[in-house]
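Commentary on secondary and tertiary structure
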Amino acid sequence: MKKKLIMLGLIVCSLFTTVSAKAVEVTYTDMGVPNIQSYFKTWMDYRTITDKSSPQYNLVNNVTNNWIYTDEEGFLRAIGETDLGIPEDYYVIALGSYYGTTITNKYKITTDTGRVFYGILGDQKADIHTNSTKQYARNNDVVEFIVDTRKLNKDVKRMGSANVYMPLNGNIAKIEKISFIW
């Protein structure tokens with residue numbers, strides 16, 4: 001009986017070891033940024049996404065998930081993956097098609113002030129509203145934040161730019177696409 005318990009214990013331990021040995025590799029691909037003054041960061045209310053059949057609508061309205069929330073400043077956020085090395089929750093953002101078109105793509109964004117924030121693609125800027133490379137809007141807006149205007153930080157609302165919110169302050173200096181290899 002004792003030998004059977006020891007064998008069973010060894011089998012269980014080997015199963016856990018095998019499962020935990022499968023690590024996730026996180027890679028960051030530098031996407032480049034335009035050489036412009038990119039401190040202006042617009043915002044849009046999530047209720048302006050109205051096509052109920054779109055992945056954008058499903059994401060921002062928690063139709064198929066339960067991991068999007070509005071933070072205390074009014075920004076839509078997605079629960080981060082701290083267990084995979086992402087140290088904070090993602091901001092739900094819109095980017096030009098240059099950076100990707102798949103809703104839920106994830107990004108690490110660094111400003112020239114040294115601030116880092118993480119974003120998840122919740123919408124895409126229309127190509128007709130971006131420059132020829134599809135990187136930024138006509139007002140030099142590279143990153144647009146998706147928000148709940150009823151709860152939005154009063155300074156961000158008044159100025160029309162999320163740049164006045166210190167965690168997001170500065171020109172966009174680097175955008176890296178995050179990939180998870182299982």
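Going by the structure above, here's the rest.
What this report covers is the structure whose coordinates are included nearby. (Residues numbered from 1 in each chain as written. Predicted model: local features only at pLDDT ≥ 70, side-chain atom pairs only at ≥ 80, totals over all residues. Heavy atoms only, no water.)

**Section: unusual backbone geometry**
With a phi close to 90°, T104 is a non-glycine residue in the positive phi region. Within the secondary structure layout, T104 lies in the loop between β5 (90-95) and β6 (106-111). At N140, a residue that is not glycine, the phi angle is positive and equals roughly 65°. Judged by relative accessible area, N140 falls into the partly exposed class, the value being 25%. (Helix = DSSP H or I, 4+ residues; strand = E, 2+ residues; numbered from the N terminus. Buried < 20%, exposed > 50% of the residue type's maximum accessible area, 1.4 Å probe, protein only.)

**Here's the deal with the pattern of salt bridges**
Tallying each qualifying case throughout the model produces nine salt bridges. A salt bridge links R47 to D45; the nearest nitrogen and oxygen atoms lie 2.9 Å apart. Exposure remark for R47: the relative accessible area of 34% places this residue in the partly exposed category. You can call D45 buried: its relative accessible area is 10%. The residue K106 makes a salt bridge to E81 at a minimum N-O spacing of 2.8 Å. In this pair, K106 is assigned in strand β6 and E81 in the loop between β4 (76-78) and β5, connecting sequence segments 25 residues apart. (Salt bridge = Lys/Arg side-chain N within 4 Å of Asp/Glu carboxyl O.)

**Focus: the pairing of β5**
Burial within β5 is extensive, with six of its six residues counted as buried. Residue alternation in β5 divides its side chains into two sets, Y90, V92 and A94 and Y91, I93 and L95, and both sets are buried. Judged from the two bridges that link them, β4 and β5 form a sheet pairing that is antiparallel. From the neighbouring strand, R77 faces β5, where its bridge partner is Y91. The pairing of β5 with strand β7 (residues 116-124) spans five bridges and is classified as parallel. Within β7, the residue paired with V92 across the bridge is I120. (Pairing = 2+ DSSP bridges.)

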